[in-house]
Structure formats: C-alpha cells, structure tokens
Amino acid sequence: MDLSKEICRLKKEKNCVILSHFYQTADIQNIADFVGDSLQLSQLAAETKADIILFCGVNFMAETAKILSPDKKVLLPEPEAGCSLADSCNVEDLKMFLKNYPDYTVVSYVNTSVGVKAMTDICCTSSNAVKIIESLPEKEKIVFLPDRNLGSYIKAITKRDDMVVWDGACHVHEEFSVEKIIELKNEYPAAKVLAHPECKKTVLILADKIGSTAALLEFSRKDECEQFIVATESGILHQMQLVSPQKTFIPAPPIDSTCGCNDCKYMKMITLEKIYNTLKNESPEVIIDIELIEKAKKSILKMLEMSK
Ligand code: 13P
Ligand code: SF4
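Scope of this entry: the structure provided in the associated data block. Small disclaimer: the values here were computed from a predicted structure and weren't measured.

This next bit is on the environment of cysteine 225. Relative to the elements of secondary structure, cysteine 225 occurs in the loop between helix 12 (213-222) and strand 11 (227-231). A relative accessible area of 8% means that cysteine 225 is categorised as buried. Distance from cysteine 225 to lysine 247, taken between C-alpha atoms, is 8.1 Å for residues 22 residues apart in sequence. Not counting residues within four places of it along the chain, the set of residues in contact with cysteine 225 comprises Ala190, Ala191, Lys192 and Lys247.

Counting across every chain of the model gives 2 cavities of 30 Å³ or more. There is about 240 Å³ of room inside the largest cavity. Taken together, 28 residues make up the lining of the largest cavity; nearest its centre are Tyr23, Met61, Asn111, Glu198 and Met267. Sorting the residues of the lining of the largest cavity by element identifies helix 4 (59-68) and helix 5 (84-87) as the ones contributing at least two each. Taken together, the residues of the lining of the largest cavity sort by class into 12 nonpolar, 13 polar and 3 charged. Considered as a void within the structure, the second largest cavity measures approximately 60 Å³ in volume. In terms of lining residues, the second largest cavity is bounded by Ser38, Leu41, Ser42, Phe55, Phe60, Met61, Thr64 and Val110. Listed by contribution, the elements that provide at least two residues to the lining of the second largest cavity are helix 3 (38-47) and helix 4. Here the lining of the second largest cavity is built from residues that sort into 5 nonpolar, 3 polar and no charged.

Right, let's get into the site of ligand 1. Taken together, His21, Tyr23, Asp37, Ser38, Asn111, Ser126, His173, His196, Glu198, Ser212 and Thr213 are the residues near ligand 1. Serine 38 has a polar side-chain atom sitting 2.4 Å from an oxygen atom of ligand 1. Taking 300 Å² as the accessible area of ligand 1 by itself, protein coverage stands at 96%. More than half of the atoms of ligand 1 fall within 2 Å of the grid points belonging to the largest cavity.

Turning our eyes to something else, we now look at the pairing of strand 9 (residues 192-195). Here strand 9 runs beside strand 11; their pairing, made up of 4 bridges, is parallel. Each bridged residue has a counterpart across the sheet, and for leucine 194 the counterpart in strand 11 is valine 230. Pairing geometry for strand 9 and strand 10 (residues 209-210), over 2 bridges, is parallel. Counted as the bridge partner of leucine 194 is lysine 209 from strand 10.

Taken in spatial order, the 4 strands of this open sheet run 2-1-3-4, and their pairing is parallel. Sheet topology places strand 2 (34-36) and strand 4 (73-75) at the edges, where each strand pairs with a single neighbour. Put simply, the sheet's adjacent strands are angled 20 degrees from each other on average, direction ignored.

Moving on: the site of ligand 2. Ligand 2 sits among Tyr23, Val58, Cys83, Ser84, Leu85, Asn111, Cys170, His171, Val172, Glu198, Cys264 and Met267. In this structure, ligand 2 is accommodated by the largest cavity. When its residues are assigned to classes, the shell around ligand 2 shows 8 nonpolar, 3 polar and 1 charged.

Our next topic: unusual backbone geometry. Put simply, leucine 145 and proline 146 share a cis peptide bond, and its omega is -5 degrees. Tracing the chain through its elements places proline 146 in the loop between strand 7 (142-145) and helix 9 (148-158). The omega torsion across serine 283 and proline 284 is 5 degrees, close enough to zero to call that bond cis. Turning to its location among the elements, proline 284 is positioned in the loop between helix 14 (272-281) and helix 15 (290-306). Although it is not a glycine, asparagine 15 adopts a positive phi angle of roughly 50 degrees. Its location among the elements puts asparagine 15 in the loop between helix 1 (3-13) and strand 1 (16-21). On the accessibility criterion, asparagine 15 (36% relative accessible area) is partly exposed. Positive phi, close to 50 degrees, is recorded for glutamate 282, a residue that is not glycine.

Cut-offs applied
- Residues numbered from 1 in each chain as written.
- Chains lettered and ligands numbered in written order.
- Predicted model: local features only at pLDDT ≥ 70, side-chain atom pairs only at ≥ 80, totals over all residues.
- Heavy atoms only, no water.
- Helix = DSSP H or I, 4+ residues; strand = E, 2+ residues; numbered from the N terminus.
- Buried < 20%, exposed > 50% of the residue type's maximum accessible area, 1.4 Å probe, protein only.
- Contact = heavy atoms within 4.5 Å.
- 1 Å grid on protein atoms, 1.4 Å probe; cavity = no way out; pocket = protein on both sides within 12 Å on 5 of 7 lines; lining within 4 Å.
- Points joined across faces, edges and corners; volume = space filled by probe spheres on them.
- Nonpolar A, V, L, I, M, F, W, Y, C, P; charged D, E, K, R; others polar.
- Near = heavy atom within 4 Å.
- Polar contact = N/O pair within 3.5 Å; in protein donor to acceptor, adjacent residues only side chain to side chain.
- Areas by Shrake-Rupley, 256 points an atom, 1.4 Å probe, with all protein chains shown as cover.
- Sits in = over half its atoms within 2 Å of the grid points.
- Pairing = 2+ DSSP bridges.
- Axes fitted to C-alpha atoms, helices over the stretch in contact; angles between N-to-C directions.

Everything listed here is a matter of geometry and, on its own, says nothing about what the molecule does.
This is the structure in structure tokens:
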C-alpha cells in the first residue's frame, strides 16, 4: 500500500487538515497541508474549517490545537510524543515556585502542559517572545518559563532586571557542541550559523541569526550566503533544502556524535504508518477537560491577539 496516497485520500474523505511541525521527517512534511513553526500551527488550528485536525508534532502542540478548536476532533498519532522542555516544569513544582513570586506576571513558552498554561498569564513562542515581553509595562515583574536558554536570551535583549527564569531545557538544543561548530566554521569559512534560541548562550554567541524555526528558514531563503550551519533540530533541513536547493545546509553536531541528539526523539515518534492508522480509526484523539481548556485558553488567545 502507498501510505502517502492513502493518507491523502482519507484526509479528503474525512475533511481533515494535516498540520506538521518543521521537525517532522521529510515524508511527513511532504503529505501535510501545512508545515510551520509552533506559532504558525496554532494560528492555523484556530482558523481551520476542517472537521478534524491531525497534528504531526508533539503533545503540547496538539493540546494547543484542541484548546483553540475545542469543537473539532484533534488527533495525535503518538500520545507518547512529549517534550523534554515541557516535562521540565510540572504543575505541582510551579505552584510551589510561584508562592515566592505572588505579584509576578507568568509568561510561558507554549512548550508547556495544558495545566501549566492554565496557570499562565500570557503564552509566547520563540517567534514572538521578545515582542510579548516588550509589550508588558517596564516595571512589571515577570516569571518566564520553562526554558532557561530562551529566557536568558530574552532577558538580555529586553533588559528586564525583574525577570525570573525557570531552570528548564530541551534535550536537543542543550547538546550542540561549541567546539564542533567552531571546527565547522573553520572548514566552511563563508558559512553562516543559524541557531534556535533554545540553544545555550555559548552557541548563540556564534550565531549570525537567532530565531524560531520559521525565522531561520526565512533567513536562509533571503540571505545571499550559500552555506549554513544549522543549530536546531534536523527536520528543518528538509524545508531549507526545498526552499533553497542550490544552498548547502550543514547540521550542527551534538557533543556526543553517537547520540543522534539533533533529532528530537519525541517528534520522531510520528511515522507515516501511525498517521495512516490514526486517520483511519480517528484515534488517538486529544481529550482535555473543558474547564481546563477554558482556563488555559486565555493565555494562548492573548498571545495570538498580540501576534496579529
Ligand atoms: P518553534 O516555535 O521555533 O517552532 O520551536 C518549537 C520547538 O519545539 C523548538 O524546539
Ligand atoms: Fe520539545 Fe526540544 Fe523536541 Fe522542541 S526539540 S519539541 S523543545 S524536546
């Protein structure tokens, strides 16, 4: 059976839209209706007229789609597709933590569970985090969570002294090797370094462009440079190469070259076969308690409103 063909047939028959994050494998990106970063995908999930949203990404992304479109059926082909960053901040620990900061505004990266979003004042993604922090009054005290690297990066740019950053990190972006990136820069002196803000500061210092997956893709398309060293998850290289076939994209190596760390192990749990079965059976479905949806929704809607 040609799985891609069957998926395309079924999605038309069922009026289903397939949304894929840039970190999915090439075969999945190729059958998706839309491929994007986490902000773009949440905007699409909020606007779609489809009856079913099949999300090729990780749990928090599918949850965000369900929160924004609670009347639609949202399918996630692998419910175990979590996120090490989202896992680094749980509701109980956050409750304890916030006791120390009662009058602080809580700004959460979307890489969080629905429970954490329900405790959040405003969400952000890597593409709008600076804008969202800058929109808050200068004197406002802020708790930013859960990514320490993105948090420190935004804190430095926005010069917010009253910003407390949660100590979480992503297993992919923490692992890029500064030494190996410098070696690559010596080997390809004309190459520019592209880095996601979840990378450590020591990697970000080497970057010519820091941005969300969509921002890095756009930079690689527009810039006259022909070679790029890419410090984010490997899936983005497929779109970069599709958009700029004449350019060279070199994945930044992780510290341990045997660990396959520039693959997100959660993103890579989704396969064409699982997508086919999910679409056929309309399961597994993302189910969230409606009260929790209402609590979590406000922080995401605020973000979407500010991103227009
Ligand atoms: P983007 O918001 O840039 O798509 O990133 C999501 C993510 O999970 C990064 O690891
Ligand atoms: Fe989460 Fe990191 Fe995977 Fe992004 S790459 S989904 S932050 S574990």
